[in-house]
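# Breakdown of the fold
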Amino acid sequence: MTEVASTSTQQGKEQPIKASEIDPHFKYELQKIHGGEKILKCFQCGTCTSDCPVARFSDSYRPRTLIHMAQLGLKDRVLNSDTLWLCAACFTCTDRCPQDVEVANVIRVFRNLAADKGCIPQVFKDQAQSLIETGYAYKIPDLRIKKRESQGLPPLPKGNPQSVCKVLKGVKFFERTQPQKPAGENANAQQ
Ligand code: SF4
Ligand code: SF4
């Protein structure tokens, strides 16, 4: 296979780029998606990575690198990247980028495209399942509920999954995450 160049992986090692994995249209597709319009303005200064609180504590998460890979057309590498899901959506990078790339929005666009391909870490699939079943991203363990009762604390407020499902429908949440139907309910009927 022809190697046309190399780029740093998110683990910091050089990884050859094969011509066959370059999608020259990817960056233009991104420009057409809300949030990705300014990706070609990035001139790789590295400010986003240097100010990112997640990158500070991670050996692998580098928003600058993700944007660089996208500009190069490495679509599969970007969308299959586990580190994509480490972004905390704090928007520090968006505030600091000298080119107004709106980096956090670009990361969101990457995630949505990854989700469309079914590339979602299991932990987020579990959260999706919990959302449609309980209205909360995390199921409160029975042990925690009993502990509250033993301490004389009031019951936690009930979630409203029906209302949550109505909101989720608008962002194609069900198509993207494909959660299982809750027992005794038709989740997609909420859509
Ligand atoms: S701060 Fe902006 S211009 Fe600099 S590398 Fe990040 S996205 Fe690119
Ligand atoms: S929004 Fe994501 S990429 Fe940007 S600084 Fe925060 S954690 Fe880092």
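Presented here is a report on the structure given in the accompanying data block. (Residues numbered from 1 in each chain as written. Chains lettered and ligands numbered in written order. Predicted model: local features only at pLDDT ≥ 70, side-chain atom pairs only at ≥ 80, totals over all residues. Heavy atoms only, no water.)

### A short note on the overall build of the protein
- Broken down by element type, the protein carries 11 helices and two strands.
- Of the regular secondary structure in the protein, the N- to C-terminal order runs β-β-α-α-α-α-α-α-α-α-α-α-α.
- For the protein, the residues scored as buried account for 37% of the 191 residues in total. (Helix = DSSP H or I, 4+ residues; strand = E, 2+ residues; numbered from the N terminus. Buried < 20%, exposed > 50% of the residue type's maximum accessible area, 1.4 Å probe, protein only.)

### Comments concerning the nonpolar core
- Leu66, Val103, Ile107 and Phe110 are the most contacted members of the largest nonpolar core, which totals 32 residues.
- Put simply, the parts of the chain that give this core at least two residues each are helix 1 (26–31), helix 3 (53–56), helix 4 (63–72), helix 5 (75–79) and helix 7 (103–116).
- Counting eight residues, the second-largest nonpolar core is a separate cluster that includes Leu131, Val164, Cys165 and Phe174. (Core = buried A, V, L, I, M, F, W, Y, C linked by side-chain atoms within 4.5 Å.)

### Let's talk about the site of ligand 1
- The full set close to ligand 1 counts 14 residues, and Cys42, Cys45, Gly46, Cys48 and Cys97 are the nearest of them.
- Of all elements in the fold, only helix 2 (47–51) and helix 4 reach the threshold of two or more residues within the shell around ligand 1.
- For the shell around ligand 1, the per-class residue count stands at nine nonpolar, four polar and one charged. (Near = heavy atom within 4 Å. Nonpolar A, V, L, I, M, F, W, Y, C, P; charged D, E, K, R; others polar.)

### Structural notes on the pattern of salt bridges
- Evaluation of the coordinates by the stated rule reveals seven salt bridges.
- The closest approach of N and O atoms between lysine 38 and aspartate 100, which form a salt bridge, is 3.0 Å. Taken together, the residues span a long stretch of sequence, with lysine 38 in the loop between helix 1 and helix 2 and aspartate 100 in the loop between helix 6 (92–96) and helix 7 at a distance of 62 residues.
- Lysine 38 sits in the partly exposed class, given a relative accessible area of 23%.
- Aspartate 100 gets classed as partly exposed once you look at its relative accessible area, which sits at 37%.
- Arginine 96 is the salt-bridge partner of aspartate 51, the closest N and O atoms lying 3.3 Å from each other. On the criterion of sequence distance, the pair formed by aspartate 51 in helix 2 and arginine 96 in helix 6 is long-range, its members being 45 residues apart.
- A relative accessible area of 22% means that aspartate 51 is categorised as partly exposed.
- On the basis of relative accessibility, which here comes to 47%, the residue arginine 96 falls in the partly exposed class. (Salt bridge = Lys/Arg side-chain N within 4 Å of Asp/Glu carboxyl O.)

### Considerations on the packing of helix 4 against helix 7
- Where helix 4 contacts helix 7, the axes come no closer than 11 Å and their chain directions differ by 60°. For the element pair helix 4 / helix 7, the angle class is oblique. Once helix 4 is placed against helix 7, the crossing between them reads as left-handed. Here Pro63, Leu66, Ile67 and Ala70 of helix 4 come into contact with helix 7, specifically with Val103, Val106, Ile107 and Phe110.
- Here the contact of helix 4 with helix 7 is built from residues that sort into eight nonpolar, no polar and no charged. (Axes fitted to C-alpha atoms, helices over the stretch in contact; angles between N-to-C directions. Parallel < 35°, antiparallel > 145°, perpendicular 65-115°, else oblique. Left-handed = near helix turned anticlockwise from the far one by under 90°. Contact = heavy atoms within 4.5 Å.)

### Focus on the site of ligand 2
- Taken together, 13 residues lie around ligand 2, and Cys52, Tyr61, Cys87, Cys90 and Cys93 are the ones closest in.
- Secondary-structure elements contributing two or more residues to the shell around ligand 2 are helix 3 and helix 6.

### What about the packing of aromatic side chains?
- Taken as a whole and judged by the stated rule, the model has one aromatic pair.
- Note on tryptophan 85 and phenylalanine 124: the rings are 5.4 Å apart at their centroids and 35° apart in plane angle, and the pair reads as tilted. Here phenylalanine 124 lies in helix 8 (residues 122–134) and tryptophan 85 lies in the loop between helix 5 and helix 6, a separation of 39 residues in the sequence.
- Residue classification places tryptophan 85 among the buried residues on the basis of a relative accessible area of 15%.
- With a relative accessible area of 30%, phenylalanine 124 lands in the partly exposed category. (Phe/Tyr/Trp six-rings, centres within 6.5 Å; stacked < 30°, edge-to-face > 60°.)

### With respect to the side chain of glutamine 127
- Within the element layout of this structure, glutamine 127 appears in helix 8.
- Taking the relative accessible area as the measure of exposure, glutamine 127 reaches 17% and is therefore buried.
- The residues touching glutamine 127, leaving out its near neighbours within four places in the chain, are Tyr136, Ala137 and Tyr138.

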